[in-house]
Amino acid sequence: MHPRLPSLFEERGFIRARIAAQRKMLVGQGEVVGRLCAVGDAVYTVTRWVRAHWLDLGLVSCAAVLILRPKHFPYLFRWGRRAFGLWRIGKKLFSRFVILRFFPG
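All residue numbers refer to position in the chain's written sequence, counted from 1. Reporting of local features is limited, given that this is a predicted model, to residues whose pLDDT is at least 70; pairs of side-chain atoms are given and counted only at 80 or more, and all residues count toward the totals for whole chains, interfaces and linings. To get the side-chain values, take all heavy atoms of the structure and skip hydrogens and water.

### Observations regarding the overall build of the protein chain
And step 1. For the purposes of this entry, the term helix denotes a DSSP run of H or I that reaches at least four residues, the term strand denotes a run of E that reaches at least two, and both are numbered from the N terminus. From N to C terminus, the protein chain includes three helices and zero strands.
And step 2. N-terminal to C-terminal, the α/β element order of the protein chain is α-α-α.
And step 3. Across the 105 residues of the protein chain, 1% fall into the buried class.
And step 4. When the accessible surface of the protein chain is split by element, carbon and sulfur atoms take 69% of a total near 10,100 Å². In this scheme, a residue with accessible area under 20% of its type's maximum is buried, one over 50% is exposed, and one in between is partly exposed, where area comes from a 1.4 Å probe on protein chains only. Where accessible areas are quoted, they stem from the Shrake-Rupley method and a 1.4 Å probe; at the residue level, only the protein chains shown are allowed to cover.

Put into structure tokens, the structure is as follows:
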């Protein structure tokens, strides 16, 4: 038997232990990335649904506002105007971003 063989076996054991620890750490990080991807997929699904049903969503929200809070009309109209203004500005900015190829069109 070669004299260095026991030390090589010991070194191989240390290397295998280090590889196992790194594998365990990588699996933990993969779970974090998996959860983030799941959240991103959920946000994307909700966004697609809202884009597909924007008229229905708007009508239902207006009906809910009229039924639930009739005494706060001036306050709601003010916030509605602000939201509509922000929506228009966002739409203009997004169209410019598409032109600049920041987002796929």
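Having seen it, we continue.
### A word on the packing of aromatic side chains
And step 1. Pairing of aromatic rings covers Phe, Tyr and Trp, the last counted by its six-membered ring, and requires centre-to-centre distances within 6.5 Å; plane angles under 30 degrees mean stacked, over 60 mean edge-to-face, and any other angle means tilted. In the structure shown here, the tally under the stated rule is one aromatic pair.
And step 2. In our convention, an over-ring charge means Lys NZ or Arg CZ found within 6 Å of a ring centre and within 35 degrees of that ring's normal. The lysine or arginine in question, Arg-82, covers the ring of Trp-79, its NZ or CZ lying 4.7 Å from the ring centre.

### Digging into the confidence of the model for the protein chain
And step 1. Each residue carries a pLDDT score, the predictor's confidence in it, ranging from 0 to 100. Overall, the predicted model of the protein chain reaches an average pLDDT of 84, with 90% of residues at or above 70.
And step 2. For the protein chain, the element scoring lowest by mean pLDDT is helix 3 (residues 73-99), at 81; helix 1 (residues 5-52) scores highest, at 90.

### Some details on a nonpolar patch on the surface
And step 1. Within the patch definition used here, like charges are joined within 9 Å and nonpolar side chains (Val, Leu, Ile, Met, Phe, Trp, Tyr) within 5 Å, considering only residues with over 30% relative accessible area and no salt bridge. Each reported salt bridge corresponds to a side-chain nitrogen of Lys or Arg within 4 Å of a carboxyl oxygen of Asp or Glu. On the surface, Val-46, Trp-49, Val-50 and Leu-57 cluster together into a nonpolar patch covering about 350 Å² of accessible area.
And step 2. For Leu-57, the position within the fold is in helix 2 (residues 54-68).
And step 3. Overall, the relative accessible area of 37% leaves Leu-57 in the partly exposed class.

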